[in-house]
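One-letter residues, chain by chain:
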Amino acid sequence: LHHRVKNNIQVMQSLLWTKARRARDPQLRTELDEVSQRMGALAAVQSRILDRGDLDEVDFRAVLDDMTSSLAEVYANGHIAIERRFETELVLDVSRAVPLGLLVYEVLLNSLKHGFPDGRQGRVSVALQTSDGETNIVVEDDGVGHDEAQSNEGMGSRLVRGLAEEARVEVSSDSRRGGGTV
């Protein structure tokens, strides 16, 4: 069943990608591409379910690695360096891994798309670490930053808050114009 679900997600991703290529409207093309990539994030989680052999848990460290590689291929364009520091293992229940995977995907996508306008050089770091008994996923960039007050009301922020609630995780953000985002 999990293998079939993974294959169906990949078929849907391919259909969206094909539609995006045929779209005449650039904004529609971009939106379809992004939905296709989100489907890819779901497929990455689904694929890792099968890898473990235990269909209730996911090696989320491997999901982070897959997702980071995939997004780097599409969005880094040679001007953004992607660093990965995975210092700990993270095995999650599937019910938490799926929304957390989408949450991390949204944060990474936002950083890559908006943190480095006009081909600006920069760095995005993704860390998986344990501190004081808590496991943290930290996404940090040295991009242009943004005004926290304005960005908290956008669609992406609402999506992240909803996914955080579903995954039962806490999300914090710190950004300053010209000073990057954590």
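Residues numbered from 1 in each chain as written. Predicted model: local features only at pLDDT ≥ 70, side-chain atom pairs only at ≥ 80, totals over all residues. Heavy atoms only, no water.

A. Structural detail: the nonpolar core. Membership of the largest hydrophobic core comes to 34 residues, with the highest contact counts inside it found for F60, L71, L108 and V124. Looking at this core, the elements with two or more residues in it are α2 (26-52), α3 (60-76), β2 (80-86), α4 (94-114), β4 (122-131) and α6 (155-167). No other element matches α4, which puts ten residues into this core. Among residues more than four places away in sequence, those in contact with L71 are A76, Y105, L108, L109 and L112. I9, L16, A20 and A43 belong to the second largest nonpolar core, which has six residues in total. (Core = buried A, V, L, I, M, F, W, Y, C linked by side-chain atoms within 4.5 Å. Buried < 20%, exposed > 50% of the residue type's maximum accessible area, 1.4 Å probe, protein only. Helix = DSSP H or I, 4+ residues; strand = E, 2+ residues; numbered from the N terminus. Contact = heavy atoms within 4.5 Å.)

B. Local environment of the sheet that holds β4. Pairing is mixed in the open sheet, where three strands are placed in the order β2-β4-β5. Here the strands that pair on one side only, and so sit at the sheet edges, are β2 and β5 (134-141). Neighbour to neighbour, the strand axes of the sheet diverge by 10° on average, direction disregarded. Bridge analysis of β4 against β5 gives eight bridges, and the strand direction is antiparallel. When the bridges of β5 are listed, T130 appears paired with T135. Packed on one face of the sheet, α3 meets β2, β4 and β5 and runs near 175° to β2. Taken strand by strand, α4 contacts β2, β4 and β5, and its axis lies near 20° from that of β5. (Pairing = 2+ DSSP bridges. Axes fitted to C-alpha atoms, helices over the stretch in contact; angles between N-to-C directions.)

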